[in-house]
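# Structure assessment
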Amino acid sequence: MPSLRLLYSNAADRATTLTASTEAGTLVVENLLTDIKAEKWRATTTSATLTLEWTTAEIIGVVALPFCNLSTFATIRVRGYTNTADVVAAVDTGTVYACPNTVFDTMEWGMQPLGEAAGTYSEVTYANVWVQPTNCKKIVIDIVDTDNEDLYIEASKLVLGTYWEPVLQVLCKCKQLKRV
């Protein structure tokens, strides 16, 4: 994976609808669209589904929940659909770790850098999943965190969309050898 990817436009902000399978009181799913860290969405259980829909297709290459309370072994599954009525996903990550840089047992120590998701800044966790960029009108995000000591899932932002990454080009100047 490249060492730098930039999401330059948050498609979640353009969603026609954003729903959650569960919400706790005033900690509603719409709070995921604000830029205020203290405004959070909270599920009432340790599993939840977020669904976003658009009238015009968006290219989705990453889904992230920065500033969430997910535990080390929380999982996420992202499915993207070409049309809102489709039943077969155009892209499906399968169930993967939501915070891959916090799963210490899966790291190749000495070979893999420790990421921000490891809690560099206090106890903050960053969940993310990368997918092959795909045009989608609907995204379904399943989150399961049965090891969560809080007994609920909480996040303060949902970020998704396409990304830009630099392309490494190796240039070679070769000299023509002349035969004498």
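The structure displayed is predicted, hence computed values, not measured ones. (Residues numbered from 1 in each chain as written. Predicted model: local features only at pLDDT ≥ 70, side-chain atom pairs only at ≥ 80, totals over all residues. Heavy atoms only, no water.)

### Some remarks on the packing of aromatic side chains
Here the structure, examined in full by the defined rule, presents 3 aromatic pairs. Ring centres 5.3 Å apart and planes at 55 degrees place the aromatic pair Phe 67 and Tyr 126 in the tilted group. Separated by 59 residues along the polypeptide, Phe 67 in strand 4 (residues 47–68) and Tyr 126 in strand 8 (residues 125–144) bring together distant segments of the chain. The exposure class assigned to Phe 67 is partly exposed, which follows from its relative accessible area of 31%. Plain terms: the ring middles of Trp 130 and Tyr 163 are 5.2 Å apart, the flat faces sit at 90 degrees to each other, and that makes the pair edge-to-face. (Phe/Tyr/Trp six-rings, centres within 6.5 Å; stacked < 30°, edge-to-face > 60°. Helix = DSSP H or I, 4+ residues; strand = E, 2+ residues; numbered from the N terminus. Buried < 20%, exposed > 50% of the residue type's maximum accessible area, 1.4 Å probe, protein only.)

### Some remarks on the pairing of strand 8
Where strand 4 and strand 8 come together, 16 bridges link them in antiparallel fashion. Residue pairing for strand 8: Cys 68 is matched across the bridge by Thr 125. Direction of pairing for strand 5 (residues 75–81) relative to strand 8: antiparallel, over a ladder of 7 bridges. Within the sheet, the bridge partner assigned to Arg 79 lies in strand 8 and is Val 140. (Pairing = 2+ DSSP bridges.)

### Side note on the environment of Ala 11
Looking at the secondary structure, you find Ala 11 in the loop between strand 1 (6–7) and strand 2 (17–20). Sequence-distant contacts of Ala 11, defined by excluding residues within four places in its chain, comprise Trp 54, Glu 58, Ile 60, Leu 160 and Gly 161. (Contact = heavy atoms within 4.5 Å.)

### Description of the side chain of Asn 69
With respect to the element layout, Asn 69 can be found in the loop between strand 4 and strand 5. By relative accessible area, Asn 69 is classed as buried at 16%. Within polar-contact distance, the side chain of Asn 69 engages the side chain of Asp 150 at 3.0 Å. Here the side chain of Asn 69 touches Tyr 152 through a polar contact of 3.1 Å, landing on its backbone oxygen. Contact partners of Asn 69, with chain neighbours within four places excluded, come to Asp 145, Asn 148, Asp 150, Tyr 152, Ile 153 and Glu 154. (Polar contact = N/O pair within 3.5 Å; in protein donor to acceptor, adjacent residues only side chain to side chain.)

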